[in-house]
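# Structural overview
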Amino acid sequence: MLSQTGFVAGPTAADTWTTIGTETVPTGVKSIKKVRFGVAPDVGATATSIRIATVFRMRGSGLGEQDPHNFVGPSGGHGTTTDGAVNFDALWKEYDVDIPVNATGTFTVEVNTLDEAITAGTVLYDVIYSDEAPKAKNSMSDYVDATGTTTADAWATGATFTVPQGIAGKEPTMIKKVIIGIGIDQGTSAIALRLASRMRLTGSGIAESGTHEFLGPLGCTAQQGGTPVGSVSQQNNTVEYDVNIPVKAGGQIVAEQRYEIETPTASTFIVGLVYS
């Protein structure tokens, strides 16, 4: 088993793809079996807020199949005054994949911080190879994102997937994993936040009838003292489901979002699909 890692500082600009690293596929390997993506934000020592809503992609001639391969990363957020403390742990996301590779070819790993940059920090990745040929028909993946709704207790359209068509005979026929991420931003004056989210998939790209609804991230934060004092944070706001939902290659799937009872002041709603 061979593996490669890489890192980059930042990024300091939102909604822009930033290269973390470029890898050359080692001689003798035939597939990637696992990828991990992580972020270590540096929130500094002054009053501030950070929305964490990350997505990653891998692209280049060293990879087979789809270009790019898109993945939902860690999500969360925090707000702090000058009096208080905040910490984040285990802001990483792992995927089991079966991506064919071309030995000695190259590919880049990139990150995008949606809607708001993390200001400072470090972003990392890990790629695990195998000398076994891919066994899966495909390992395609994609994401969509939308500004979080500010109307509670109502479904709101997020964004639309187009199911990949891929190589003839290897096009996706099933969604095998659903990922939901929420990056929150309450600023530095928030007193309390209840986060209770849901997501549903609809559209002609789904090849079965019935509802496809999922609970999203859940949590709460509160600052005590009557006026904002201290800090609030939410981390690991990314949930994952193993599913078997039949799809039609080239069809459309709409991801809808919903917050119950109350909404964040601002947020980013991300949905990822992994096909098979």
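Residues numbered from 1 in each chain as written. Predicted model: local features only at pLDDT ≥ 70, side-chain atom pairs only at ≥ 80, totals over all residues. Heavy atoms only, no water.

So, on to the packing of aromatic side chains. Per the stated rule, a full pass over the model turns up five aromatic pairs. With a centroid separation of 4.6 Å and an interplanar angle of 20°, the aromatic rings of Phe37 and Phe56 are classed as stacked. Note that Phe37 is positioned in strand E3 (residues 31-41) and Phe56 in strand E4 (residues 48-59), a separation of 19 residues in sequence. On the accessibility criterion, Phe37 (2% relative accessible area) is buried. (Phe/Tyr/Trp six-rings, centres within 6.5 Å; stacked < 30°, edge-to-face > 60°. Helix = DSSP H or I, 4+ residues; strand = E, 2+ residues; numbered from the N terminus. Buried < 20%, exposed > 50% of the residue type's maximum accessible area, 1.4 Å probe, protein only.)

Right, let's get into the nonpolar core. Ile32, Val35, Phe37, Met58, Tyr95 and Phe107 are the most contacted members of the largest nonpolar core, which totals 37 residues. Looking at this core, the elements with two or more residues in it are E3, E4, strand E5 (69-80), strand E6 (92-100), strand E7 (106-113), strand E8 (121-130) and strand E17 (266-275). Among the elements that line this core, the one with the most residues is E4, at six residues. In contact with Val35, not counting residues within four places along its chain, are Met58, Phe71, Lys93, Glu94, Tyr95, Val97, Asp126 and Val127. With 26 residues, the next largest nonpolar core counts Ile180, Ile182, Leu195 and Ile206 among its residues. (Core = buried A, V, L, I, M, F, W, Y, C linked by side-chain atoms within 4.5 Å. Contact = heavy atoms within 4.5 Å.)

For E17, a buried count of nine out of 10 residues is recorded, marking the element as mostly surrounded by other parts of the structure. In terms of strand pairing, strand E9 (residues 141-147) meets E17 through seven bridges, oriented antiparallel. Bridged to Asp142 within E17 is Leu273. Summarising the sheet, strand E11 (residues 174-185) and E17 pair through 10 bridges and their orientation is antiparallel. The residue of E17 that forms the bridge with Ile180 is Val271. (Pairing = 2+ DSSP bridges.)

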